[in-house]
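# Residue-level structural notes
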2 protein chains.
Amino acid sequence: MTHEPVKQTLRLGIAGLGTVGASVVQMIARRADALEAAIGAPIRVTAVSARDRHRDRGVDLSGLTWFDDPVALATASEVDCVVELIGGADGAAKAVVEAAIGTGKHVVTANKALLARHGAALARAAEARGVALAYEASVAGGIPVIKALREGLAGNAVSRVYGILNGTCNYILSRMEAEGLTFEACLKDAQALGYAEADPTFDVEGFDTAHKLSILTSLAFGVEIDAEGVSVEGISAIQPLDLAMADELGYRIKLLGVAQLTEAGIEQRVHPTMVPKASAIAQVMGVTNAVTIDADAVGELTLIGPGAGGNATASAVVADIADVASGLNRPVFGRPVDRLSPPRRVEMQRHEGGYYVRLTVHDRRGVAAGVATRMAEREISIESIVQRRLEKDASSDPHGRSGRPVPLVLITYAATEGNIRAALDAIAADGLLAETPQLIRIERE
Amino acid sequence: MTHEPVKQTLRLGIAGLGTVGASVVQMIARRADALEAAIGAPIRVTAVSARDRHRDRGVDLSGLTWFDDPVALATASEVDCVVELIGGADGAAKAVVEAAIGTGKHVVTANKALLARHGAALARAAEARGVALAYEASVAGGIPVIKALREGLAGNAVSRVYGILNGTCNYILSRMEAEGLTFEACLKDAQALGYAEADPTFDVEGFDTAHKLSILTSLAFGVEIDAEGVSVEGISAIQPLDLAMADELGYRIKLLGVAQLTEAGIEQRVHPTMVPKASAIAQVMGVTNAVTIDADAVGELTLIGPGAGGNATASAVVADIADVASGLNRPVFGRPVDRLSPPRRVEMQRHEGGYYVRLTVHDRRGVAAGVATRMAEREISIESIVQRRLEKDASSDPHGRSGRPVPLVLITYAATEGNIRAALDAIAADGLLAETPQLIRIERE
């Protein structure tokens, strides 16, 4: 039972020559000898396609066949493996990938949106044609997390996978924390530095994280991708006060994507999260990404690295290309598409965990007691409580109470989201709240 | 160019049924369906071998062929892949692996000592026979770092790889730091808890880390394994005062294995190391392991997870088995043995970096100035200096100096080890030292 190495040259067609595409072309040239040594056969870019043929990308494209139409590249006889770096869930990217698979070519893509929406159908098509559909670059940039989940942890049953999957959000939260700035101010800086798009919604409201999470969920739990089933909440409502309170209480706030196996099904949720300061993931600052995997045999595994950037993303693309060239033939989502389970959504109301609840209450006698009562009625136990008083002023009562809005922060022990929300509704109905409450879930190691 | 999945059952022979072997047998049974789904063919244990046939291992061995002689198992016709879990650089382990390769069987091993000593010869033999020699479990237990280096970073040139590769040492240093205990006290506890052997030399003096590092070096830099070329220093000389000073200066002390590409060659060194408190690796406490890889495209990648234990190690063994079953055929050390470069040792004297120097000086006038002068003569710049005075007593001079031994701690900017040692020799010759100096290298991100 010996393995025959693949001996042919792998001929690549690169569709999309933005930062990542240009970096892939350069890396394949720069690492030609090392890759040939690793694979036993050469890897060569033979064709490229992009919108503007005349733009200077700082890359030598001489000798390569240029295609104005990426679908023509995807079906060209001189291409064995199509590298789709166009982006977007539909349109040209989808057409290219479908055409490539349809003509029996391997596909490497960095396109999380495409996979999140059409992953199962594309995997089915790739399987039927016996070609690879590789997507390491679609999640957490340069971190080889797809490989770790699919191959490195093949002996494990995964119970939870969670991570910082969006560098823009982590950059903004890191700066808010370090400098006490508002979300809006940090977003502006992130845009100026090129870390955030002109329309930042997709990043800061958590949708990008949700796409990536849905891919990890499929791999980790052997279920069909269900991006629509992810509960999503972004970071735009986080205030400097929340970061300051988190710090005081021994936490940091990160936008996490969390996929967790529970008795009721698989939770998929994206939300700002309090993580203990001493955890590995709490140390991850700036645009860096991190993924933690909880699994039965290995316990806890954390991978930390760059989540974006041309070179880091190209690193993952080239790793996939090398796998394709070496004949790696693991199923796209870890098992054949027919053996993926249907999604098993769990309503967020059923989520159970600790909560940070920041209320803005009127600084009056009996308010804390009123809040505590409503919590107790819903069987929510309070781990700690922090009440901030304003400076005394002329309007204060004899106990220093001013009647004006002040923050009241609670950390709860594990409770269901349904109970928390019901308690907050009751507290609001009691007229105790001056503002909408802030609710941040706590994720423990 | 389509990939044909491997269709035969992979039949395993497990040589060695200690904690890891028993865990592998259980995991292959428990994950049979998932593994078959991932591979497209079943994986089955068919034969086992261990010293004592009658010991109860809590594992069902019925239906498996028992071999008293592991070499007989390694050559048995009913085995396609031999899993070597005997351990040791020579003796039975080596005989088993050689016999397996010699009869055209794949080998999966967790044996770092065997690889460190005979890795190149065994890889050459495996290559000649066209069989796999897989060893994910030999370094950092359950962390898939071999896979990350060989496959995940295939597009990268690595410049440095370093990590916490020995859980025993990290456990001892973590406890010394947290509780202010001595090395000896923590070692005793580690032994009581089963984290350290009765003879702990191999772990605490850094040799285990050196074996693992030599394997990472080969993979990361494409050189032949050179375990003899690792400069090794253990943790037994670390004192509580060093940990306290590290804390004060913003560092933690970890036993690191570091392999670094320099102009002069490849440094391989194992030593207690000061790492900045905010670094990911500084957060790694207890028996956990961590590896950081610096590479040109990806920048910095850190993997954190369990470095030992039956289940975690078995997780890596089973991942290797799954790779073998799926026909993965990457060269053992990332490129064919003939294309590995010869080792390029660099003398430790040429190492350049920051240093923590703790001197024990006589508390007399002019001592600090004398030390500083000798450092300056060797072009060593001091970043910070901390001098501890004893309480004033009757014997003190008018400036409170007692003449008795007191610590004087220096942090240097980058300097060569040769210069540091020469300066310390000169300081000793000046009669300024009451004890042998403590020298701890600083590793920055």
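Since we're looking at a predicted model, the values are computed, not measured.

The rules behind the values
- Residues numbered from 1 in each chain as written.
- Chains lettered and ligands numbered in written order.
- Predicted model: local features only at pLDDT ≥ 70, side-chain atom pairs only at ≥ 80, totals over all residues.
- Heavy atoms only, no water.
- Pairing = 2+ DSSP bridges.
- Helix = DSSP H or I, 4+ residues; strand = E, 2+ residues; numbered from the N terminus.
- Contact = heavy atoms within 4.5 Å.
- Axes fitted to C-alpha atoms, helices over the stretch in contact; angles between N-to-C directions.
- Patch = residues over 30% accessible without salt bridge, like charges linked within 9 Å, V, L, I, M, F, W, Y side chains within 5 Å.
- Areas by Shrake-Rupley, 256 points an atom, 1.4 Å probe, with all protein chains shown as cover.
- Salt bridge = Lys/Arg side-chain N within 4 Å of Asp/Glu carboxyl O.
- Buried < 20%, exposed > 50% of the residue type's maximum accessible area, 1.4 Å probe, protein only.
- Least-squares fit on C-alpha atoms with pLDDT ≥ 70 in both.
- Parallel < 35°, antiparallel > 145°, perpendicular 65-115°, else oblique.
- Nonpolar A, V, L, I, M, F, W, Y, C, P; charged D, E, K, R; others polar.
- Left-handed = near helix turned anticlockwise from the far one by under 90°.
- Polar contact = N/O pair within 3.5 Å; in protein donor to acceptor, adjacent residues only side chain to side chain.
- Buried area = accessible area lost by both parts, 1.4 Å probe.
- pLDDT = per-residue confidence, 0-100.

## As for the sheet that holds strand β1 (residues 10–15) of chain B
Residue and element names in this part refer to chain B.
- Here 6 strands make up an open sheet; going across it, the order is β3-β2-β1-β4-β5-β6 and the pairing parallel. The sheet terminates laterally at β3 (65–67) and β6 (133–134), the two strands that pair on one side only.
- Looking at chain direction, β1 and strand β2 (residues 43–49) are connected through 6 bridges and run parallel. In the strand pairing of β2, G13 is matched with A47.
- Against the sheet, helix α12 (residues 310–325) engages β1, β2, β4 (81–84), β5 (106–109) and β6, with an angle of about 165 degrees to β5.

## Observations concerning a nonpolar patch on the surface
All names here are of chain A.
- A contiguous nonpolar surface patch, about 260 Å² in accessible area, is contributed by L193, Y195 and V287.
- Topologically, L193 is positioned in the loop between α8 (183–192) and α9 (201–204).
- Relative accessible area serves as the criterion here: at 51%, L193 is assigned to the exposed category.

## Some details on the pattern of salt bridges
- The final tally for this structure, using the stated rule, is 56 salt bridges over all chains.
- D430 of chain A serves as the salt-bridge partner of R374 of chain A, at 2.6 Å between the closest nitrogen and oxygen. With a gap of 56 residues between them, R374 of chain A in helix α13 (residues 367–377) and D430 of chain A in the loop between α14 (417–429) and β17 (438–442) connect regions that are remote in the sequence.
- By relative accessible area, which is 24% here, R374 of chain A ends up partly exposed.
- Within this structure, K147, R150, E151, D323 and R330 of chain A together with K147, R150, E151, D323 and R330 of chain B form a network of salt bridges that share partners.

## Focus on the relation of the copies chain A and chain B
- In the superposition of chain A on chain B (RMSD 0.0 Å, axial shift 0.0 Å), the rotation amounts to 180 degrees. Interpreted geometrically, this transformation is the action of a two-fold axis. For chain A, the residue whose C-alpha comes nearest the rotation axis is L303 of chain A, separated from it by 2.3 Å.
- A shared binding surface is used by both copies, with 100% of the interface residues of chain A retained as interface residues in chain B.

## Quick notes on the packing of helix α4 (residues 91–102) of chain B against helix α5 (residues 112–129) of chain B
Residue and element names in this part refer to chain B.
- For the pair α4 and α5, the least separation of the axes is 9 Å and the interaxial angle reads 10 degrees. As far as their axial angle goes, α5 and α4 are roughly parallel. Counted together, A93, K94, V97, E98, I101 and G102 of α4 and L114, H118, L122, A125, A126 and R129 of α5 form the full contact between these two elements.
- Counted by class, the contact of α4 with α5 contains 7 nonpolar, 2 polar and 3 charged residues.

## As for the side chain of T313 of chain B
Residues and elements named next belong to chain B.
- Considering the arrangement of structural elements, one finds T313 in helix α12.
- Since its relative accessible area comes to 8%, T313 is described here as buried.
- Discounting chain neighbours no more than four positions away, the residues touching T313 are V20, A110, A137 and A308.

## A look at unusual backbone geometry
- Phi at A140 of chain A is positive, roughly 60 degrees, even though this residue is not glycine.
- In this structure, A140 of chain A sits in the loop between β6 (133–134) and α6 (145–152).
- Phi at E379 of chain B takes a positive value of approximately 60 degrees, unusual for a residue other than glycine.

## Thoughts on the sheet that holds strand β3 (residues 65–67) of chain A
Residues and elements named next belong to chain A.
- Reading across the sheet, the 6 strands line up as β3-β2-β1-β4-β5-β6 and stay open at both edges, with parallel pairing between neighbours. The open sheet terminates on both sides in strands that have one partner only, identified here as β3 and β6.
- Bridging between strand β4 (residues 81–84) and strand β5 (residues 106–109) involves 4 bridges; their strand directions are parallel. Looking across to β5, one finds that V83 is bridged to V108.
- Sheet strands in contact with helix α1 (residues 19–30) are β1 (10–15) and β2 (43–49), and its direction is about 160 degrees off that of β1.
- Against the sheet, helix α12 (residues 310–325) engages β1, β2, β4, β5 and β6, with an angle of about 165 degrees to β5.

## Notes on the packing of α6 of chain A against helix α10 (residues 207–221) of chain A
Residue and element names in this part refer to chain A.
- Between α6 and α10, the shortest axis-to-axis distance is 9 Å and the interhelical angle comes to 15 degrees. Taken as axis vectors, α6 and α10 run roughly parallel relative to one another. As α6 packs across α10, the resulting crossing turns out to be left-handed. Contact residues: α6 offers V145, I146, L149 and R150, while α10 offers I215, L216, L219 and A220.
- Per-class residue counts for the contact of α6 with α10 are 7 nonpolar, no polar and 1 charged.

## Comments concerning the environment of R335 of chain B
Residue and element names in this part refer to chain B.
- Tracing the backbone shows R335 in the loop between α12 and β13 (352–362).
- Assessed through its relative accessible area of 24%, R335 is described here as partly exposed.
- A C-alpha to C-alpha distance of 15 Å links R335 and A148, two positions 187 residues apart in sequence.
- Of the polar contacts made by the side chain of R335, one reaches the backbone oxygen of R339; its length is 3.4 Å.

## A closer look at the environment of I266 of chain B
Residues and elements named next belong to chain B.
- Its location among the elements puts I266 in strand β10 (residues 265–276).
- A relative accessible area of 5% places I266 in the buried class.
- Separated by 111 residues in the primary sequence, I266 and G155 have C-alpha atoms spaced 20 Å apart.
- If near-sequence neighbours (up to four positions away) are discounted, I266 is found in contact with T217, F221, V223, Q260, L261, R344, R345 and V346.

## What about the interface of chain A and chain B?
- Contact with chain A, which involves 64 residues of that partner, is made by 64 residues of chain B.
- Of the roughly 5,100 Å² buried at the junction of chain A and chain B (both faces included), carbon and sulfur atoms supply 55%.
- On the surface where chain A and chain B come into contact, there are 6 salt bridges.
- R30 of chain A is the salt-bridge partner of D296 of chain B, the closest N and O atoms lying 3.8 Å from each other.
- Across the contact surface, chain A and chain B share 18 residue pairs in polar contact (both at pLDDT 80 or more).
- Those elements giving two or more residues to the side of chain A that touches chain B turn out to be α1, α2 (32–39), α6, β12 (299–306) and α12 of chain A.
- The residue makeup of the side of chain A that touches chain B, split by class, is 31 nonpolar, 19 polar and 14 charged.
- Relative to strand β12 (residues 299–306) of chain B, β12 of chain A runs antiparallel, the two sharing 3 bridges. By the bridge assignment, L303 of chain A is partnered in β12 of chain B with L303 of chain B.

## Details of the pairing of strand β9 (residues 251–262) of chain A
Residue and element names in this part refer to chain A.
- Counting buried positions along β9 gives 9 out of 12 residues, so the element sits mostly inside the fold.
- Where strand β7 (residues 158–164) lies against β9, 4 bridges are found, and the strand directions are antiparallel. Residue V161 lies in a different strand from β9, and its bridge partner there is A259.
- Pairing analysis gives 12 bridges linking β9 to strand β10 (residues 265–276), with the strands arranged antiparallel. Paired with Q260 across the two strands is E267, which belongs to β10.
- Hairpin connection, β9 to β10: the antiparallel pair is bridged by 2 residues.

## Some thoughts on the confidence of the model for chain A
- With 96% of its residues at a pLDDT of 70 or more, chain A has an overall mean of 94.
- The ipTM value of the predicted complex is 0.95, and its pTM value is 0.95.

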